[in-house]
Amino acid sequence: QVQLVESGGGLVQAGGSLKLSCAPSISIFINAMGWYRQAPGEQRELVARISNIGTTYADSVKGRFTISRDNAKNTVYLQMNSLKPEDTAVYYCNARVPTTTGRDVNYWGQGTQVTVSS
């Protein structure tokens, strides 16, 4: 099975920046990759997603976060600038991988903690 390895989380003060990265443990073809987050007591939500079609961002992070992808390394990044306390959450990497059945399957990272202090 595919394992997604995440890094880059940590503690930062409001207004600071962090950069998350995520890559699969084996060489595979991935249709799309993205970042989701879940704050305490909240539901998991989409933060950003990237595919060969384009990118998608949650309204709350537009203008502050940038998702990018290195196709050669199969690595996805999330550059987070102007961080706010409400960005505090566990961030999960997601990858959609095609199968022989014709339907994509979801793979998830274990999550990396991002904490923004006021």
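For every chain, the first residue of the written sequence is number 1, and numbering continues from 1 along that sequence. Confidence filtering applies because this is a predicted model: local features only for residues at pLDDT of at least 70, side-chain atom pairs given and counted only at 80 or more, and all residues used for totals across whole chains, interfaces and linings. Note that water and hydrogens are dropped before the side-chain values are worked out from all heavy atoms of the structure.

### Re the packing of aromatic side chains
Here is step 1 of the chain: Each pair of aromatic rings taken from Phe, Tyr and Trp, with Trp reduced to its six-membered ring, is defined by centres within 6.5 Å and is described as stacked if the planes are under 30 degrees apart, edge-to-face if over 60, and tilted in the remaining cases. Counting across every chain of the model gives one aromatic pair.
Here is step 2 of the chain: Ring geometry for Tyr36 and Trp108: centres 5.0 Å apart, planes at 65 degrees, overall edge-to-face. Placement of Tyr36 in strand S4 (residues 32-38) and of Trp108 in strand S10 (residues 105-108) is noted, with a sequence separation of 72 residues between them.
Here is step 3 of the chain: A cation over a ring is seen here: Lys19 above Tyr77, with NZ or CZ 4.8 Å from the ring centre.
Here is step 4 of the chain: In this structure, Arg44 is placed above the aromatic ring of Tyr92, and the distance from its NZ or CZ to the ring centre is 3.8 Å. Each helix corresponds to a stretch of at least 4 residues labelled H or I by DSSP, and each strand to a stretch of at least 2 residues labelled E; elements are numbered beginning at the N terminus. Only lysine NZ and arginine CZ atoms are considered, and such an atom sits over a ring when it is within 6 Å of the ring centre and within 35 degrees of the ring normal.

### Some words on unusual backbone geometry
Here is step 1 of the chain: In this structure, Asn74 is a non-glycine residue whose phi angle is positive, near 55 degrees.
Here is step 2 of the chain: Within the secondary structure, Asn74 sits in the loop between strand S7 (65-70) and strand S8 (75-80).
Here is step 3 of the chain: One non-glycine residue, Ser82, adopts positive backbone phi at about 50 degrees.
Here is step 4 of the chain: Locating Ser82 in the fold gives a position in the loop between S8 and strand S9 (89-97).
Here is step 5 of the chain: Per-residue accessibility, obtained with a 1.4 Å probe over protein chains only, is compared with the maximum for each type, and a residue is labelled buried under 20%, exposed over 50%, and partly exposed between these values. Looking at Ser82, the relative accessible area reads 40%, which means it is partly exposed.

The values reported here are purely geometric and, on their own, carry no functional implication.
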